[in-house]
Number of protein chains: 2
Amino acid sequence: MTIRIGIMGYGNLGRGIECAIRQNDDLELVAVFTRRPPETVRILTEGVNVYHVDDAIKMKDEIDVLILCGGSATDLPKQTVEYAKYFNVVDSFDTHAKIPEHFENVNKMAVENNNVALISAGWDPGMFSLNRLYASAVLPQGKDYTFWGKGISQGHSDAIRRIEGVKNAKQYTIPIESALEAVRNGSEPELSTREKHLRECFVVAEEGADLSRIENEIKTMPNYFADYDTTVHFITEEELLRDHSGIPHGGFVIRSGKTGWNGENSHVIEYSLKLDSNPEFTSSVIVAYARAVYRMKNEGMSGCKTVFDVAPAYLTSMSADEIRKNLL
Amino acid sequence: MTIRIGIMGYGNLGRGIECAIRQNDDLELVAVFTRRPPETVRILTEGVNVYHVDDAIKMKDEIDVLILCGGSATDLPKQTVEYAKYFNVVDSFDTHAKIPEHFENVNKMAVENNNVALISAGWDPGMFSLNRLYASAVLPQGKDYTFWGKGISQGHSDAIRRIEGVKNAKQYTIPIESALEAVRNGSEPELSTREKHLRECFVVAEEGADLSRIENEIKTMPNYFADYDTTVHFITEEELLRDHSGIPHGGFVIRSGKTGWNGENSHVIEYSLKLDSNPEFTSSVIVAYARAVYRMKNEGMSGCKTVFDVAPAYLTSMSADEIRKNLL
C-alpha cells in the first residue's frame, strides 16, 4: 500500500515534490491543486489530475498527506492552519521569527481535528536546524555558526529588481572562506555580519539607465546589502540566462566545543550541503517528512510537529531491522 | 530535579562520562561502579562514591539511568542485557555486525522489565549512523560513503603490539584526500579499501629486534593491514609518549545523490567530525542519549532503542518552545 500525496501549489517547489515522489516507491501522487485554471497547468506525472484549490477538501479521504507549497509571507500562515482541519499536512514555512506563532496556530487546528501537521521542513529550517540541535546537545559547552551559500537568494534578487532601471538580477550569497576556517579551527571567533558572507550581484540594466546610481542603491540598501561587502556586475540579459539560470544553494552548520574536566579537548562538528537545486532538495526533505507524518498519524499521534519531534526511523522506507543492520 | 546517573566501569569512557555530566546542569552523577577494589579507584567528582559492581543492583532506586562503559567484545553483550532488568541503560556497543543480535537480547529484557535501553550510542555507531539515515532518506537515489580519521585505531595499535619484538605502537587511520574529493564532486566513484584509507604506524621496537621483519609482518597482516597502503615509522618510547599520547579521531559521512524528473540535479550532503578525544566525544553523545532515555521512560516507553528511535528534541535540556524559537 502506498502513501497517497496531494500537492497544493505547482511552482518550483510543487514540481520538486512531484519529482521527489517519483523516487520513492512507497509514495504516490494522487492530485495537484492550483489557483490557476486547472486546464492550463501541465504536470509531469501521467494519469494524475490537476484540480482547482476549491476542490481540495472534497478529496480529503483520498489523500493521506497534503503538501503545502505556498510562500511563507502570505500563503502558509493561512493555508497550513486551514488544511490541518481536513488533512495531515507538511509545509516549509521558513520565516524563522514567526515560527512560534505559526506553530501555535497550526497545533490548535491539528489537535482539534486529530491530524498531524509538520511545519518548517526543508534544509533551513530543516536539516540545518536538526544539526544545530544535535551538535548543541552533544557539545553543550561550545558555539555554533551557520553559513549560507554559495547560492541564489531569491529575496535579495527581488530587492535588486525593484530598483528603478533594473530589468533583471540574480544575487549570490557567498560564505567567506577565512571565516569558515576560523570556525573550523575551533577558535570560536566573534564574527560580524560583514565577516561571514559576501554578496555578489549580476544585474541587467534597462537601456540608458544610470549604472553608478543603481550600483550605489544596491550597495547602500539597508538590511539587504548595507552591512555586507557587495560586488555588482552589469551583464546582458543573454549572459544572465546563460550563466545564472540555476537555483543552486547550500551552506554550513559548524559547532566547536570543549570537553574534559577542564575543557582541555576541542571538537568540531560540521554539516554542509552543496545543492544544484534549492527547491528540489527542499522537496526531497519535505517528502521524507510526509512519510513520517503518515506513520505518526497511523500510530495515533496528532498536533503540530517540527523536525525536532520526529524520530529519524520514521523518515525512511526501510524497516527498523534493515536500518539497524545496514545503517547503524 | 536532576537526572541521576550511574557509571558502570571507570576507564577512558567512564571518565569521559563523568566529565560530560559536569557540563550538563540537569544531570547528576550519583555512583561509579568498578570491578576493582573500590577504594583503589579515585574519581574526579567530589562527594560521589565508588562501589563494587556487585553493589549496583541494590542502588536501582537511586539511579535513573545507568551508563555501561565496558567493551563490546565481552562486557556489553552480557552487561547491557543483565542491567536492563533493573535499570534504564545506555551503552556504546560498536560491533556493527552483531548489533541485530544485541538488540534482540536487550529488547527482550527491557520490555519484560519495563525499562528503556539505548544501545550503540557514540559517533560510529551513533552520529554517523544518524547522518547515513537522514541523508539516504532525503536522497534515496544516491550513494553514501563513510571515511574514518585521521585518528588512532585502538584495534590496529593492539594488533601491532602483539608482534614479537614490538614494545609499543600507535596506528593512525587516515582518509585519502583524493578519494574524499572524488566523493564530494558527486561522481559516486567505486572505491576499493586501499583507495579510501591509509594506515600509518609508529612503532617502538625492543632493543636488537629485526626491524625489517616487524615492518613486513605489519604490512602483510591480513584484515588489519594487507589491504591498505601502510607506512611504518620506528621511533623511541620517548617520542611515542611525546607525540602520540592523544586519542584523536573523526571522519566523514558523505552522500551524493540526484533529484529532478530525470536525475538532472546533483546534491552533496557532508557530515564531519574532528575530535581531540575519541572517548570524551563518545561520552558526550552517550550523556545526551541518557537524558533522552530518562524522558522516554517517563513518557511510558520501554524496550531497546537506537539513535534512530529517538526524536531529537529528547536530547537537549532546552524546552520545546526554546528549540523552536532558537534552533529551528
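Residues numbered from 1 in each chain as written. Chains lettered and ligands numbered in written order. Predicted model: local features only at pLDDT ≥ 70, side-chain atom pairs only at ≥ 80, totals over all residues. Heavy atoms only, no water.

(A) Main features of the pairing of strand E11 (residues 229-234) of chain B. Residue and element names in this part refer to chain B. As paired strands, strand E10 (residues 197-205) and E11 are joined by six bridges and run parallel to one another. Of the residues in E11, the one forming a bridge with Glu200 is Thr231. The handedness of the E10 to E11 crossover, carried by helix H8 (residues 211-219), is right-handed. (Pairing = 2+ DSSP bridges. Helix = DSSP H or I, 4+ residues; strand = E, 2+ residues; numbered from the N terminus. Right-handed = clockwise from strand over helix to strand, strands pointing away.)

(B) Structural detail: the pattern of salt bridges. Using the criterion set out here, one finds 38 salt bridges over all chains in the structure. Of the charged contacts, one joins Arg35 of chain A and Asp75 of chain A as a salt bridge, the two residues approaching to 2.7 Å between their closest N and O atoms. Taken together, the residues span a long stretch of sequence, with Arg35 of chain A in the loop between strand E2 (27-34) and strand E3 (49-52) and Asp75 of chain A in helix H2 (residues 75-83) at a distance of 40 residues. Of the residues examined, Asp75 of chain A reaches a relative accessible area of 19% and is grouped as buried. A salt bridge links Lys58 of chain B to Asp55 of chain B, with the shortest nitrogen-to-oxygen separation between them at 2.6 Å. The structure contains a network of salt bridges with shared partners spanning Glu177, Glu181, Arg184 and Glu270 of chain A. (Salt bridge = Lys/Arg side-chain N within 4 Å of Asp/Glu carboxyl O. Buried < 20%, exposed > 50% of the residue type's maximum accessible area, 1.4 Å probe, protein only.)

(C) Examining the side chain of Thr230 of chain A more closely. Residues and elements named next belong to chain A. Within the secondary structure, Thr230 is located in strand E11 (residues 229-234). For Thr230, a relative accessible area of 11% translates into the label buried. When residues no more than four places from it in sequence are discounted, the contact partners of Thr230 are Arg199, Cys201, Ile218, Lys219 and Phe225. (Contact = heavy atoms within 4.5 Å.)

(D) Spotlight on the interface of chain B and chain A. At the junction of the two partners, chain B supplies 71 residues and chain A supplies 71 residues. A buried area of about 6300 Å², summed over both sides, lies between chain B and chain A, and 61% of it is on carbon and sulfur atoms. At the junction of chain B with chain A, the criterion picks out zero salt bridges. Joining chain B to chain A, the criterion identifies 28 residue pairs in polar contact (both at pLDDT 80 or more). Every element with two or more residues in the side of chain B that touches chain A is listed here: helix H1 (12-22), helix H3 (99-112), helix H4 (127-138), strand E12 (249-259), strand E13 (265-275), helix H10 (278-298) and helix H11 (320-326) of chain B. Of all the elements, E13 of chain B adds the most residues to the side of chain B that touches chain A, at 11 residues. Partitioning the side of chain B that touches chain A into residue classes produces 35 nonpolar, 20 polar and 16 charged. By the bridge criterion, nine bridges tie strand E13 (residues 265-275) of chain A to E13 of chain B in an arrangement that is antiparallel. From the neighbouring strand, Ile269 of chain A faces E13 of chain B, where its bridge partner is Leu273 of chain B. (Buried area = accessible area lost by both parts, 1.4 Å probe. Polar contact = N/O pair within 3.5 Å; in protein donor to acceptor, adjacent residues only side chain to side chain. Nonpolar A, V, L, I, M, F, W, Y, C, P; charged D, E, K, R; others polar.)

(E) Looking closely at the packing of helix H10 (residues 278-298) of chain A against H4 of chain B. For the pair H10 of chain A and H4 of chain B, the least separation of the axes is 8 Å and the interaxial angle reads 105 degrees. Accordingly, the angle class assigned to the pair H10 of chain A and H4 of chain B is roughly perpendicular. Mapping the contact onto sequence places Phe281, Ser284, Val285, Ala288 and Tyr289 of chain A in H10 of chain A and Tyr134, Ala137 and Val138 of chain B in H4 of chain B. Of the residues belonging to the contact of H10 of chain A with H4 of chain B, the class tally is seven nonpolar, one polar and no charged. (Axes fitted to C-alpha atoms, helices over the stretch in contact; angles between N-to-C directions. Parallel < 35°, antiparallel > 145°, perpendicular 65-115°, else oblique.)

(F) Quick look at helix H6 (residues 177-184) of chain A. Turning to H6 of chain A, its buried residues are Ala179, Leu180, Val183 and Arg184 of chain A. Along the axis of H6 of chain A, the buried residues cluster in a sector spanning 135 degrees; they form a single face. On its buried face, H6 of chain A is in contact with strand E7 (142-148), strand E9 (166-175), helix H7 (193-196), strand E12 (249-259) and E13 of chain A together with E13 of chain B. Two residues or fewer past H6 of chain A, Gly186 of chain A is found with a positive phi of approximately 80 degrees. (Arc of directions from axis to C-beta.)

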